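Here's the letter readout for the chains.
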Amino acid sequence: MRPYILKEANWKTLKDHRFDLAVLPWGATEAHNYHMPYGTDIYEADAIGEEAGRKAWEKGANSVILPSIPFGVNTGQSDIYLDMNLNPSTQFAILRDLIEVLDRQGVKKLLILNSHGGNDFKTALRELGLKFPEMMLFTCNWFQALDKTQYFEEKGDHADEMETALIMHLHPELVLPLEEAGDGDEKKSVISGVLERWAWAERKWSEVTEDTGIGNPKKASPEKGKRYFEDVTDKVAQLIVQICEVKSGQMYR
């Protein structure tokens, strides 16, 4: 039993223990090219949350890793078979209920460990911060924590070299041979503002990619995945430690 992993902890251990921070990994269930499992974002959320939680715990962080939420916002993938969608309003309702529990029971800090590009919690946390003024609410995208070009050769943001390498390291039994993977070619928007990233429109996934991937995974390896995993969990652990240490009213200087 790891006392910082809620799904493994028991009442005997937690009856008299009070955590400073709850970490909520949040994934998605969706197609990841031909060679990767639908649960890729969940496996990543689980592994990064648990390993970063271990590293932070060993550095003295009084934090608990909650069970991962397996469904995310997949509104742009409505015609991809069994890509499971939670609308943003549903995410908001789930967050509100969970934050209400934490607030009532004295866990006044929450970090959402986001593992899916379609999830965006900023707007929800702005509103929920007003409803729960004693809570300190954070969100992070672990996949943006490091400069990927220092680890991987191919660009991408879905079932790409990075994600493929991670799952090859974490769950090699779930990755098909890379010769069976699609190339992850992406069609680009014809709107210049969207291309330049100062304008935005949701991507219609089936029109953007034929194999559901964005980014060529063919150069992935478990060795690359292991190196990236160690470094990204170090980075997330540092964030957890810092959030645990900071006191209300002392966030800025």
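Heads up: the structure comes first, above all this text.
Keep in mind that what you see is a predicted model, and the values were worked out from it rather than measured. (Residues numbered from 1 in each chain as written. Predicted model: local features only at pLDDT ≥ 70, side-chain atom pairs only at ≥ 80, totals over all residues. Heavy atoms only, no water.)

### What about the overall build of the protein chain?
Logical step 1: Helices and strands together make up the secondary structure of the protein chain, namely eight helices and six strands.
Logical step 2: For the protein chain, the sequential pattern of α-helices and β-strands runs α-β-α-β-α-β-α-β-β-α-α-α-β-α.
Logical step 3: Scaling as 2.2 N^0.38, a compact globule of 253 residues should have a C-alpha radius of gyration of about 18 Å, and the protein chain matches this with 19 Å.
Logical step 4: In terms of overall dimensions, the protein chain has C-alpha extents of about 55 × 35 × 35 Å along its principal axes.
Logical step 5: For the protein chain, the share of sequence-separated contacts (at least 6 apart) that also reach a separation of at least 24 residues comes to 80%.
Logical step 6: With the model as given, the accessible surface of the protein chain reaches about 13600 Å², and the carbon-plus-sulfur share is 52%. (Helix = DSSP H or I, 4+ residues; strand = E, 2+ residues; numbered from the N terminus. Rg over C-alpha atoms; globule rule 2.2 N^0.38 Å. Contact = heavy atoms within 4.5 Å. Areas by Shrake-Rupley, 256 points an atom, 1.4 Å probe, with all protein chains shown as cover.)

### A word on the packing of aromatic side chains
Logical step 1: Counted under the stated rule, the structure contains seven aromatic pairs.
Logical step 2: Taken together, a centroid distance of 4.9 Å and an interplanar angle of 50 degrees make the contact between Trp-26 and Phe-121 tilted. With Trp-26 in strand 1 (residues 21–26) and Phe-121 in the loop between strand 3 (109–114) and helix 4 (122–131), this residue pair connects regions lying 95 residues apart in the sequence.
Logical step 3: A relative accessible area of 2% means that Phe-121 is categorised as buried.
Logical step 4: Ring pairing ties together the aromatic residues Tyr-4, Phe-19 and Trp-57, which thus form one cluster. (Phe/Tyr/Trp six-rings, centres within 6.5 Å; stacked < 30°, edge-to-face > 60°. Buried < 20%, exposed > 50% of the residue type's maximum accessible area, 1.4 Å probe, protein only.)

### Comments concerning the pairing of strand 1
Logical step 1: Counting buried positions along strand 1 gives six out of six residues, so the element sits mostly inside the fold.
Logical step 2: Both faces of strand 1 are covered, namely the face carrying Leu-21, Val-23 and Pro-25 and the face carrying Ala-22, Leu-24 and Trp-26.
Logical step 3: You can see the chain leave strand 1, run along helix 2 (residues 40–58) and come back into strand 2 (residues 63–65), and the turn it takes is right-handed.
Logical step 4: By the bridge criterion, six bridges tie strand 1 to strand 3 in an arrangement that is parallel. Paired with Ala-22 across the two strands is Leu-110, which belongs to strand 3. (Right-handed = clockwise from strand over helix to strand, strands pointing away. Pairing = 2+ DSSP bridges.)

### Things to note about helix 3 (residues 88–104)
Logical step 1: Helix length check: helix 3, at 17 residues, gives a terminal C-alpha distance of 24 Å against a target of 24 Å (1.5 Å per residue), a fit within 8%.
Logical step 2: The set of residues buried in helix 3 consists of Gln-91, Phe-92, Leu-95, Ile-99 and Leu-102. Taken down its axis, helix 3 places every buried residue within 95 degrees of arc, on the same side. For helix 3, the exposed residues set more than 90 degrees away from the buried face come down to Ser-89 and Arg-104. (Expected span 1.5 Å × (residues − 1). Arc of directions from axis to C-beta.)

### Thoughts on the sheet that holds strand 4 (residues 136–141)
Logical step 1: Strands sit in the order 2-1-3-4 across an open sheet of four strands; the sheet is parallel. For this open sheet the edge positions go to strand 2 and strand 4, each flanked by a neighbour on one side alone. The average undirected angle you get between the axes of adjacent strands in this sheet is 20 degrees.
Logical step 2: Sheet strands in contact with helix 4 are strand 3 and strand 4, and its direction is about 170 degrees off that of strand 4. (Axes fitted to C-alpha atoms, helices over the stretch in contact; angles between N-to-C directions.)

### Here's the deal with the nonpolar core
Logical step 1: Counting 39 residues, the largest nonpolar core has Ile-48, Leu-111, Trp-142, Tyr-228 and Ile-240 as its most contacted members.
Logical step 2: Of all elements in the fold, only strand 1, helix 2, strand 3, strand 4, helix 5 (161–170) and helix 8 (222–245) reach the threshold of two or more residues within this core.
Logical step 3: Sequence-distant contacts of Leu-111, that is, excluding residues within four places in its chain, are made with Leu-21, Ala-22, Val-23, Leu-24, Phe-138, Thr-139, Cys-140, Leu-239, Ile-240 and Ile-243.
Logical step 4: Leu-14, Leu-24, Leu-110 and Phe-121 belong to the second largest nonpolar core, which has 24 residues in total. (Core = buried A, V, L, I, M, F, W, Y, C linked by side-chain atoms within 4.5 Å.)

### Some points on the packing of helix 5 against helix 8
Logical step 1: Where helix 5 meets helix 8, the closest approach of the two axes is 7 Å, and the angle between their N-to-C directions is 95 degrees. Overall, the two elements helix 5 and helix 8 adopt an arrangement that is roughly perpendicular. Contacts between helix 5 and helix 8 pair Glu-161, Met-162, Ala-165, Leu-166, Met-168, His-169 and Leu-170 from the former with Pro-222, Lys-224, Gly-225, Lys-226, Tyr-228 and Phe-229 from the latter.
Logical step 2: Grouping the amino acids of the contact of helix 5 with helix 8 by side-chain chemistry returns eight nonpolar, two polar and three charged. (Parallel < 35°, antiparallel > 145°, perpendicular 65-115°, else oblique. Nonpolar A, V, L, I, M, F, W, Y, C, P; charged D, E, K, R; others polar.)

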